Amino acid sequence: MAARPATPSLLRTINDRSAFELLLTEGPLTRVELGRRTGLSKVTASQLLARMQQRGLVEVVGTRSAGRGPSAEVYAVRPGCAYSVGVDLNPDSAQVAIADVTGSVVARVRRPVNGATDPKGLIHETVAEVTGEAGLDLAAVDQVVIGMPGVVDPATGDIELSFDLPGWHRGLREVLAADLGCELTFENDVNLAAVAERVEGAGRDVADLVLLWVGRGVGLAVVLGGQLHRGATGAAGEIGYLPMPGVTSRARVDRPAEGAFQGLVGAGAVMELAADHGIDAPDAATAVRMAVEGGNESFLRVFADRLALGVAAVCAVVDPALVILSGEIGATGGEPLCELLAGGVRHIAPVHPRVVPTEVEEPVLRGAVLAAVERARQGLFA
């Protein structure tokens, strides 16, 4: 692709975007402070602020004494210059949150899914409900990112494969975007959990990491060089399909709970393991919590050794500095399970990643919001 010439218009856009990001991270700032931090002249900084004020991107939020002479106006990003919606979609429920351009959530709702086969109706109603809760019109939404289990085409942001959500298929991205009148993208739910950890959680300032999600399903997100690695078809991280020794049936792509890593560490396997160790629990996450609270190290060690088989296989290939354990089952294990898992990985492969529990509440929803906000910010300067 040929390089775009550095026209005055392009340079103004670059300067505006840099100043906008600076105001987001370090603001509010005066014109002089903004010019000093960006390296722009006073005249250029003044012109830049005037342009962004005219577009409704920044606003004056006060004044600051500069010693002698008049006080200087202080500028900040106007939070309502863009709104973004994040959705955490699974077979049971859809959690939806709307955030302003700073990433602050202004409203959220939750709706049951229960096998709903009308994606257009579900998404329209939930997005309309959450914008209404925020006191906004649907037209105020600039970006929607929907996190869901399955494979998403990295080139188009459309659904490639989803077993658990009947009616959700390729082509829906355009249908939903046209219905809502804004940009809309699908993303793998575990990838979004990694986005949240990178921005606000355990993965801050870590360039190479993997996030292992253990819940109803089993998934993996890979971040290399600070960038999410989706793979050629979007299937990178589908670790549930990794063939495993010790599983009685052969692995099959249409039955991820059989013959593969999912069948060894998924919710069903955890319940069987809990019963073998005398733990009577209503669900897998509770079983793990009871083991941690009751000091059932035998259960935790066997579970960690199973997890280590998949994690070691990944770490031997990508050698991450950090492994984050997440998902409703994985996160429940906390530090005790992470310590056992780290030891198990070191025993199998010549790698020594740190293993830590998630630090983000509702990481898929938060990741969806953050991804949508970032897309909205880019759209302001497209």
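To start, this report covers the structure provided alongside it. All figures in this text were calculated on a predicted structure; none of them were measured in a lab. (Residues numbered from 1 in each chain as written. Predicted model: local features only at pLDDT ≥ 70, side-chain atom pairs only at ≥ 80, totals over all residues. Heavy atoms only, no water.)

### Digging into the sheet that holds strand 12 (residues 218–224)
Line of reasoning, step 1. Here we have five strands laid out as an open sheet, ordered 13-12-11-14-15, and mixed in their pairing. At either end of the open sheet lies a strand with only one pairing partner, and these are strand 13 (227–229) and strand 15 (354–357). Adjacent strand axes in the sheet meet at a mean angle of 25 degrees, parallel and antiparallel pairs treated alike.
Line of reasoning, step 2. As judged from the five bridges shared by strand 11 (residues 209–214) and strand 14 (residues 322–326), these two strands associate in the parallel manner. If you follow Leu 211 over to strand 14, its bridge partner there is Ile 324. (Pairing = 2+ DSSP bridges. Helix = DSSP H or I, 4+ residues; strand = E, 2+ residues; numbered from the N terminus. Axes fitted to C-alpha atoms, helices over the stretch in contact; angles between N-to-C directions.)

### Considering helix 1 (residues 8–26)
Line of reasoning, step 1. Taking 1.5 Å of rise per residue, the 19 residues of helix 1 would be expected to cover 27 Å, and the 26 Å separating its terminal C-alpha atoms lies within 8% of that figure.
Line of reasoning, step 2. For helix 1, the complete set of buried residues consists of Leu 10, Asp 16, Ala 19, Phe 20, Leu 22 and Leu 23.
Line of reasoning, step 3. Elements in contact with the buried residues of helix 1: strand 1 (29–30), helix 2 (31–38), helix 3 (42–54), strand 2 (58–64), strand 3 (72–77) and helix 13 (363–380). (Expected span 1.5 Å × (residues − 1). Buried < 20%, exposed > 50% of the residue type's maximum accessible area, 1.4 Å probe, protein only. Contact = heavy atoms within 4.5 Å.)

### Quick look at the side chain of Thr 126
Line of reasoning, step 1. With respect to the helices and strands, Thr 126 occurs in helix 4 (residues 119–133).
Line of reasoning, step 2. Polar contacts involving the side chain of Thr 126 include one to the main-chain carbonyl oxygen of Ile 123, which spans 3.1 Å.
Line of reasoning, step 3. Once residues lying within four places of it in the same chain are set aside, the contact partners of Thr 126 are Val 96, Val 109 and Arg 111. (Polar contact = N/O pair within 3.5 Å; in protein donor to acceptor, adjacent residues only side chain to side chain.)

### Notes on the packing of aromatic side chains
Line of reasoning, step 1. Evaluation of the coordinates by the stated rule reveals three aromatic pairs.
Line of reasoning, step 2. Summarising the aromatic geometry, the rings of Trp 168 and Phe 186 are spaced 6.3 Å apart at their centres and angled 90 degrees between planes, so their arrangement reads as edge-to-face. Highlighted residues: Trp 168 in the loop between strand 9 (159–161) and helix 5 (172–180) and Phe 186 in strand 10 (residues 183–188), separated in sequence by 18 residues. Comparing Trp 168 with Phe 186, the two get one shared label, buried. (Phe/Tyr/Trp six-rings, centres within 6.5 Å; stacked < 30°, edge-to-face > 60°.)

### Considerations on the pattern of salt bridges
Line of reasoning, step 1. If you walk through the whole model with that rule in mind, you get 16 salt bridges.
Line of reasoning, step 2. A salt bridge links Arg 64 to Glu 33; the nearest nitrogen and oxygen atoms lie 2.6 Å apart. Here Arg 64 is found in strand 2, whereas its partner Glu 33 is found in helix 2, with 31 residues between them in sequence.
Line of reasoning, step 3. By relative accessible area, which is 17% here, Glu 33 ends up buried.
Line of reasoning, step 4. Put simply, Glu 359 and Arg 204 hold a salt bridge, and the shortest N to O gap is 3.8 Å. In this pair, Glu 359 sits in the loop between strand 15 and helix 13 while Arg 204 sits in the loop between helix 6 (189–200) and strand 11, placing the two residues 155 residues apart along the sequence. (Salt bridge = Lys/Arg side-chain N within 4 Å of Asp/Glu carboxyl O.)

Structural measurements only, silent on function.
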